[in-house]
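Here are the chains, one letter per residue:
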Amino acid sequence: MVGAQRYRYVGPAQIRDQAVAVQAFTAEPGDLASRLTGRRDTEPFTFVVTVEGRLRLAPRRTEHVAVAGGRQVLAAGEMTFARDGSGWRVAGVTNQSTGYCPDPDCWPAVGRSLDRLGIAHPGDFTEKVVFRRCPSCGERNVVRDGDFLCALCDSELPADWNFA
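Residues numbered from 1 in each chain as written. Predicted model: local features only at pLDDT ≥ 70, side-chain atom pairs only at ≥ 80, totals over all residues. Heavy atoms only, no water.

### Re the overall build of the chain
When helices and strands are counted, the chain shows 4 helices and 7 strands. Reading the chain from its N terminus to its C terminus gives the helix and strand order α-β-α-β-β-α-β-β-α-β-β. By the compact-globule yardstick of 15 Å for 164 residues, the chain fits well, its C-alpha radius of gyration being 16 Å. Overall, the chain is about 50 × 35 × 30 Å in size when its C-alpha atoms are taken along their principal axes. The buried share of the chain, taken over its 164 residues, is 45%. Across the chain, the fraction of contacts at a sequence separation of at least 24, relative to all contacts at a separation of at least 6, is 59%. Taken together, the 20 basic and 20 acidic charged side chains of the chain have centroids lying 7 Å from each other. (Helix = DSSP H or I, 4+ residues; strand = E, 2+ residues; numbered from the N terminus. Rg over C-alpha atoms; globule rule 2.2 N^0.38 Å. Buried < 20%, exposed > 50% of the residue type's maximum accessible area, 1.4 Å probe, protein only. Contact = heavy atoms within 4.5 Å. Lys, Arg positive; Asp, Glu negative; His and termini not counted. Charge placed at Lys NZ, Arg CZ, Asp CG, Glu CD.)

Here it is in structure tokens:
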């Protein structure tokens, strides 16, 4: 997708190198409901949105880099579906991916991919995770409660996303 931020894998090389072919699938209009049938509503999926804007899903404990085939993505995180009177909808969705560390502003790519599939969704992440790389030690950090300090070395973390 033109103009959308692309995220490259920033996690440990060992995980990237051990990522194997997984039973991920690219959701297509009309087939997602059949793939969800028989699953527990509370069982999340690992997801990525490919650079072509396609939603790819796999069981939760699958590494995002494996779902993405090692490629760059427009978004990554976890997604939970629930059934309601009109079919399936997204009940929860986060940008939680320590392999890609996407900024919460990647939501539009997620929303567009779900709209393309005709799946109802909350219109934004139900939980937003803020990631920053420490400029001093290079560690990936999850910023909690607005505390922009590195969990490893206590250095100040930048206000803006910095994994580019």
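### Some remarks on the pairing of strand β6 (residues 130-133)
Across 4 bridges, β6 lies against strand β7 (residues 140-143) in antiparallel orientation. By the bridge assignment for β7, Arg 132 is matched with Asn 141. Between β6 and β7, which pair antiparallel in sequence order, lie 6 residues; one of them, Gly 138, sits at a positive phi of approximately 85 degrees. (Pairing = 2+ DSSP bridges.)

### A closer look at the nonpolar core
Formed by 42 residues in total, the largest nonpolar core has its most connected members in Leu 32, Phe 47, Leu 55, Met 79, Phe 81 and Val 110. Among the elements of the structure, α2 (32-36), β2 (45-50), β3 (55-59), α3 (64-67), β4 (73-84), β5 (87-94) and α4 (107-117) are those that each provide at least two residues to this core. A per-element tally of this core places β4 first, with 6 residues. Apart from residues lying up to four places away in sequence, Leu 32 is in contact with Phe 25, Ala 27, Leu 57, Phe 81, Leu 117 and Ile 119. (Core = buried A, V, L, I, M, F, W, Y, C linked by side-chain atoms within 4.5 Å.)

### Side note on the packing of aromatic side chains
Under the definition given, this model contains 6 aromatic pairs. Ring geometry for Tyr 7 and Trp 161: centres 5.1 Å apart, planes at 90 degrees, overall edge-to-face. Placement of Tyr 7 in the segment before α1 (13-18) and of Trp 161 in the segment after β7 is noted, with a sequence separation of 154 residues between them. Ring geometry for Trp 107 and Phe 125: centres 5.3 Å apart, planes at 75 degrees, overall edge-to-face. Of the two residues, Trp 107 is situated in helix α4 and Phe 125 in the loop between α4 and β6; the sequence distance between them amounts to 18 residues. Considered together, Trp 107 and Phe 125 belong to a single accessibility category, that of buried residues. (Phe/Tyr/Trp six-rings, centres within 6.5 Å; stacked < 30°, edge-to-face > 60°.)

### Quick word on unusual backbone geometry
Although it is not a glycine, Asp 145 adopts a positive phi angle of roughly 55 degrees. Mapping Asp 145 onto the fold places it in the segment after β7. For Asp 145, a relative accessible area of 84% puts it in the exposed group. The backbone of Asp 154 sits at a positive phi, close to 65 degrees, despite the residue not being glycine. For Asp 154, the position within the fold is in the segment after β7. Using a relative accessible area of 58% as the deciding quantity, one classes Asp 154 as exposed.

### Concerning the pattern of salt bridges
For the structure shown, the criterion picks out 7 salt bridges. For Arg 132, the salt bridge is made with Asp 103, and the minimal N-O distance between the two is 3.7 Å. One end of the pair, Arg 132, is in strand β6; the other, Asp 103, is in the loop between β5 and α4, and 29 residues separate them in sequence. (Salt bridge = Lys/Arg side-chain N within 4 Å of Asp/Glu carboxyl O.)

### Here's the deal with the sheet that holds β3
The strand order across the open sheet built from 5 strands is β1-β3-β2-β4-β5, with neighbouring strands paired in antiparallel fashion. Each of the sheet's edge strands pairs with one partner strand only, and the pair in question is β1 (25-26) and β5.

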